[in-house]
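Structure assessment
The chain contents come next:
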Amino acid sequence: QVQLVESGGGLVQPGGSLRLSCAASGSSFSINAMRWYRQAPLKQRELVAGITSGGTTNYADFVKGRFTISRNNAKNTVYLQMNSLKFEDTAVYYCNVLTTFFNGDYGNSWGQGTQVTVSS
């Protein structure tokens, strides 16, 4: 089983920055892809950014050039640096981690979510 703990959300003014972190813990697994999703009120959850075990990244069009995803494999942690935040970035942000357990099983784990509010 994999546990994910997110941190870094909060209230920020438009144009400001926040950095989200998500640390994975547990045993007997390796991490494959790590992703950030978000869900705004009355909207479906949507993919924000992802990063593979090899470091390849992908971004939703609405965050390209503003957000940067990175990971520290030694710490099993993924980060999301969010710059130039806009009102429409307000949402609960969720960490998602895809794992392979040493017994060959696959895992798909979600963090508890962290609120990001962009407001003046």
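All values reported here derive from a predicted model rather than from experimental measurement. (Residues numbered from 1 in each chain as written. Predicted model: local features only at pLDDT ≥ 70, side-chain atom pairs only at ≥ 80, totals over all residues. Heavy atoms only, no water.)

1. Structural notes on the environment of Thr 100
- With respect to the secondary-structure elements, Thr 100 resides in strand β9 (residues 91-101).
- Taking C-alpha positions, Thr 100 is 30 Å from Lys 43, a pair spaced 57 residues apart along the chain.
- For Thr 100, the contacting residues outside a window of four places in its chain are Ser 28, Phe 29, Ser 30, Asn 32, Asp 105 and Tyr 106. (Helix = DSSP H or I, 4+ residues; strand = E, 2+ residues; numbered from the N terminus. Contact = heavy atoms within 4.5 Å.)

2. Description of the environment of Arg 45
- As for its placement among the helices and strands, Arg 45 is situated in the loop between β4 (29-39) and β5 (46-51).
- On a C-alpha basis, the gap between Arg 45 and Gly 111 in space is 13 Å, while along the polypeptide they are 66 residues apart.
- Every residue in contact with Arg 45, bar those within four places of it in the chain, is listed here: Tyr 37, Arg 38, Gln 39, Tyr 94 and Trp 110.
- A distance of 3.5 Å separates the side chain of Arg 45 from the side chain of Gln 39, its partner in a polar contact. (Polar contact = N/O pair within 3.5 Å; in protein donor to acceptor, adjacent residues only side chain to side chain.)

3. Some details on unusual backbone geometry
- In this structure, Leu 42 is a non-glycine residue whose phi angle is positive, near 65°.
- Considering the arrangement of structural elements, one finds Leu 42 in the loop between β4 and β5.

All quantities given are derived from atomic positions and should not be read as evidence of function.
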